[in-house]
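So the chains spell out like this:
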Amino acid sequence: MIPARPLAAVLAAAALTAACVGNPKVYDDSVRAAQVMDGGGTAGVADESAAQARAVLAGYQVASLSPGQRPAASTVEAGLWMQIDRVTNRMQSAGNRVTDPALNAYVAGVVCRVAGEYCNSVRTYVLRQPAFNAAMYPNGVMEVWSGLLLRVRNEAQLAAVVGHEVGHYLRRHSLQRFEKIRDATNGLVFFQVVTAMAGVGIVGNVAALATIGGLQAYSRDNEREADGYGLVLMGRAGYDPREAAKVWANIQRETDASDNARGSLFAASHPPSDERQRELARLAPAVTVATGDDPLGRERFLAAVAPHRMAFLRDEIKKRTFKPTMAMLEGLLEDGDRPAEIHYAIGELYRIRGDDGDGEKALDSYAKALADGDAPAAVHRSVGLVHRKAGRQDEARAAFARYLELTPQAEDAAMIRFMIQGGS
Amino acid sequence: MHRATRLLAVALLCATAAACQSITKVDAGKPVKVGDSFRVHPQIAWNRIEVGGDEMWTVHGPLLHYMRFIKAIDDGDPLFKVKDSGSKDVKAPVYRKGMSPLEVAELFETTQTMGGAQKVKVSGVRPQVLGGRDGFRFDYAYATKGGLLKDGFAVGFEKDGKLRMILFEGAHLHYFPAYRERAEKMIETIEVL
């Protein structure tokens, strides 16, 4: 459980907020909450629960922390850093690193805005990894997975997740775990565990969690604390804190769709998504939010991710986890941004699974993509493949011909022409 | 040494030996039968390694470059084995009789990705005649987890409902371009059995 904190700490949080990025004007909590929730109408938080929420948030002070300085060589923390440095140095040349400077700069900018005065201590890497995750290492390296960028809807939600990770960093949770494991295991395991536990983030590292099985309750407390810090940090950066709970609503949807058994190591070590969602929603109205002209940052976020979204979607499809991926795609469809691309991805998911009836479902999705008027030409190629598999050669040839008509220089044009002529 | 310990040591030795890959030399200039699928005419000497029923040929070692002759893949079989993720959500990618070359290329891309390759990019799927048969070819590129860039190409065809494929790949710097021509020559002279 999150312990009650002294109310006096509210003052420290307020002082911290004054140091936030951008216009430092601070809104009164209840006024801000009312503005956010009701468009400026009546206050939306009951006095008692608002006071409780404020008391909880008061415990998440940032101003008194001072991470980012390399620990003295004789300390346990220095040993942790040495191991972590090895891991994070490899990240610079990792095969799945996204090298696009624009996307890296955008994500690093959000991380920096959330990290505030600790910005210079953080290095951010975006990785092509089709799963919901971000992680921050004790030496200030932050990794953000492409799967996360598909599962948040705006910059505020991204800020909530990276804020959570910055919370782990500020509270030195890795060091706490490191010391706990060291006390619970012998020296050899102590060092082996370090690299495994490095980067246990939102989702966590299964190997690490298996090793630290006995510490799961401890980890849950860390996660709750990081959630709280995430709210405080996103608020002081001018983001709408109510967006944090929405992230977990999206994740819950995928979890519900999965055939994997509940009670996984992840579930054991992390508060359930619905619990997180409720707690974040309860605390959000009490968060002090800096003024800003765009508390969601939706357009900025969509514009930054747009050039990569189809590639990221393809990575998800290649995982071949059909039910959770479908749940994720349906969420994106409801979100409404460029639906043709999402209909196309849903069609691809059905086509590649190839179960009975999937061909027709794929065609239905492709039709919706084409009806939208902004569909990629490759939709016609996929339509052709479905018809070909079903033995409808005339329809297949027509679709392939349309694909070539739209993209005569397509890199697979020779094969498509060969197939139109009856080959393969 | 205690008897039980000696027995355990012998058992471990046997298990280790059984797990070893056998490496034999392939001489230049002589036709070589590869499994039940092909006969090839190597121009240079290669090292021949058996990997899960497939043959892998290399000069400097498979981490740097190799030519892989994939055994006949039946309907419902994977292109090659990848580690089981353990997730009940995952439907393993398998070959289906009658797949178009475009779908085989997709299958390859997915299988490579599930095997741990990063940012796999398949391109240029096109027709190619192999040993007198209509087949296909595509290029691919990927990065290892450590960031080493690899280039490669694949050729294949379906015979009796089974897919035959040959891959050649190597490090983007030096090993792929250095051995590409030799690999191409071998594919040009391939005989389908």
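The shown structure was predicted, so the numbers you read here are calculated from the model rather than taken from an experiment. Position numbers for residues count from 1 along each chain, tracking the sequence in the order it is written. Each chain is given a letter, starting from A, and each ligand a number, starting from 1, according to the order in which they appear as written. Residues qualify for local features only when their pLDDT is at least 70, as the model is predicted, and side-chain atom pairs are given and counted only at 80 or more; totals for whole chains, interfaces and linings, by contrast, use all residues.

Before going further, it helps to examine the overall build of chain B. The helix and strand tally for chain B stands at three helices and eleven strands. Helical segments are the DSSP runs of H or I of at least four residues, strand segments are the runs of E of at least two, and each set is numbered from the N terminus. For chain B, the succession of helices and strands along the chain, N to C, is α-β-β-β-β-β-β-α-β-β-β-β-α-β. Exposed residues have 12 or fewer other C-beta atoms within 10 Å of their own C-beta, buried residues have 20 or more, and partly exposed residues fall in between, where C-beta atoms are placed from the backbone. Within chain B, buried positions represent 37% of all 193 residues.

Here the focus is the packing of helix 5 (residues 101–115) of chain A against helix 7 (residues 155–170) of chain A. All names here are of chain A. Every axis in this analysis is a line fitted to C-alpha atoms, fitted for helices over the stretch in contact. Angles between the N-to-C directions lie between 0 and 180 degrees. As a packed pair, helix 5 and helix 7 sit with axes 9 Å apart at the nearest point and diverge in direction by 60 degrees. Comparing the axis directions of helix 5 and helix 7 gives the class oblique. Between helix 5 and helix 7 the crossing geometry is right-handed. For the pair helix 5 and helix 7, the contacting residues are Val 110, Val 111, Val 114 and Ala 115 in the first and Glu 155, Leu 158, Ala 159, Val 162, Gly 163 and Val 166 in the second. Gly is placed with the polar residues, together with every amino acid not listed as nonpolar (Ala, Val, Leu, Ile, Met, Phe, Trp, Tyr, Cys and Pro) or charged (Asp, Glu, Lys and Arg). Its residues placed into classes, the contact of helix 5 with helix 7 shows eight nonpolar, one polar and one charged. In this scheme, roughly parallel covers angles under 35 degrees and roughly antiparallel covers those over 145, while 65 to 115 is roughly perpendicular and the rest are oblique. Helix crossings get a hand from a simple test, with the near helix turned counterclockwise from the far one by less than a right angle marking a left-handed crossing and a clockwise turn marking a right-handed one. A pair of residues counts as a contact when their C-beta atoms, built from backbone coordinates, are separated by no more than 7 Å.

For the rest of this paragraph, the subject is the interface of chain B and chain A. With 28 residues of chain B at the interface, the matching set in chain A holds 27 residues. Going through the elements one at a time, helix 2 (101–114), strand 7 (118–130) and strand 8 (133–143) of chain B are the ones with two or more residues in the side of chain B that touches chain A. Looking at side-chain class alone, the side of chain B that touches chain A contains eight nonpolar, ten polar and ten charged residues.

Residue and element names in this part refer to chain A. Counting residues in hydrophobic clusters, the biggest one holds 143 residues, and the most contacted among them are Leu 57, Val 114, Ala 159, Val 162 and Met 234. Counting residues per element, this core draws most heavily on helix 7, at nine residues. As annotated, the domain borders come from an automatic or database domain assignment. Shared between two domains, this core holds at least three residues of each, these being domain 1 (76–286) and domain 2 (312–420). Residue contacts for Met 234: discarding those within four places in its chain leaves Val 114, Ala 156, Ala 159, Ala 160, Gly 163, Tyr 239, Pro 241 and Ala 244. By convention in this section, buried Ala, Val, Leu, Ile, Met, Phe, Trp, Tyr and Cys residues joined through C-beta atoms within 7 Å make up a nonpolar core.

Residue and element names in this part refer to chain A. Here the expected span of a helix is defined as 1.5 Å times the quantity of residues minus one. Spanning 14 residues, helix 16 (residues 322–335) covers 20 Å between terminal C-alpha atoms, matching the ideal 20 Å at 1.5 Å per step. Turning to helix 16, its buried residues are Phe 322, Pro 324, Thr 325, Met 328, Leu 329 and Leu 332. Those residues of helix 16 that are buried lie in contact with helix 6 (146–151), helix 12 (243–257), helix 15 (298–318) and helix 17 (339–353). Just downstream of helix 16, Gly 336 is the residue with a positive phi angle, here 95 degrees.

Moving on, we get to the sheet that holds strand 3 (residues 141–145) of chain A. Residue and element names in this part refer to chain A. Ordered in space as 1-3-2, the three strands form an open sheet in which the pairing is mixed. Every other strand in the sheet has two partners, leaving strand 1 (123–127) and strand 2 (134–136) as the edge strands with one partner each. Each neighbouring strand pair of the sheet contributes to a mean axis angle of 15 degrees, computed without reference to strand direction. With three bridges joining them, strand 2 and strand 3 adopt antiparallel strand pairing. Its bridge partner lying in strand 3, Ala 134 is registered against Val 144. A strand pair is defined by DSSP finding two or more bridges across the two strands.

This part takes up the sheet that holds strand 3 (residues 38–40) of chain B. Residues and elements named next belong to chain B. Pairing is antiparallel across the open sheet formed by three strands, whose spatial order is 2-3-11. Of all the strands in the sheet, just strand 2 (32–34) and strand 11 (191–192) have a single pairing partner and so form its edges. Pairing geometry for strand 3 and strand 11, over two bridges, is antiparallel. For Arg 39, the partnering residue across the bridge sits in strand 11 and is Glu 191.

Turning our attention to helix 18 (residues 358–372) of chain A. In an α-helix, one turn spans 3.6 residues, which is why side chains three or four residues apart end up on the same side. Residue and element names in this part refer to chain A. Compared with an ideal rise of 1.5 Å per residue, which puts 15 residues at 21 Å, helix 18 spans 21 Å between its outermost C-alpha atoms and is within 8% of the ideal. Listed in full, the buried residues belonging to helix 18 are Ala 362, Leu 363, Ser 365, Tyr 366 and Ala 369. Down the axis of helix 18, the buried side of the element spans an arc of 165 degrees, and every buried residue falls inside it. Of the residues in helix 18, the exposed ones pointing more than 90 degrees away from the buried face are Glu 360 and Ala 371. Considering only its buried residues, helix 18 is in contact with helix 17 and helix 19 (378–389). One or two steps after helix 18, the chain reaches Gly 373, where phi turns positive at roughly 85 degrees. Relevant arc is that of directions from the helix axis to the C-beta atoms, nothing else.

Moving on, we get to the domain arrangement of chain A. All names here are of chain A. According to the domain assignment, chain A contains domain 1 (76–286) and domain 2 (312–420). At the level of secondary structure, the elements contributing two or more residues to the side of domain 1 that touches domain 2 comprise helix 6 and helix 12. Top element by residues in the side of domain 1 that touches domain 2 is helix 6. It accounts for five residues. Across the side of domain 1 that touches domain 2, the residue classes tally to four nonpolar, four polar and six charged.

The next subject is the packing of helix 15 of chain A against helix 17 of chain A. Residues and elements named next belong to chain A. Contact geometry for helix 15 and helix 17: axes closest at 10 Å, N-to-C directions at 25 degrees. Classified by the angle their axes make, helix 15 and helix 17 are roughly parallel. Here helix 15 and helix 17 pass one another in a crossing that is right-handed. Counting all contacts with helix 15, which are made through Arg 309, Met 310, Leu 313 and Ile 317, the residues of helix 17 involved are Glu 341, Ala 345, Glu 348, Leu 349 and Ile 352. Looking at side-chain class alone, the contact of helix 15 with helix 17 contains six nonpolar, no polar and three charged residues.

Let us now look at the environment of Val114(A). Residues and elements named next belong to chain A. Relative to the helices and strands, Val 114 is located in helix 5. Taking the C-alpha atoms as reference points, Val 114 and Trp 81, separated by 33 residues in sequence, lie 23 Å from one another. Among all residues touching Val 114, those that are not within four sequence positions of it are Ala 159, Val 162, Gly 163, Val 166, Leu 233, Met 234 and Ala 237.

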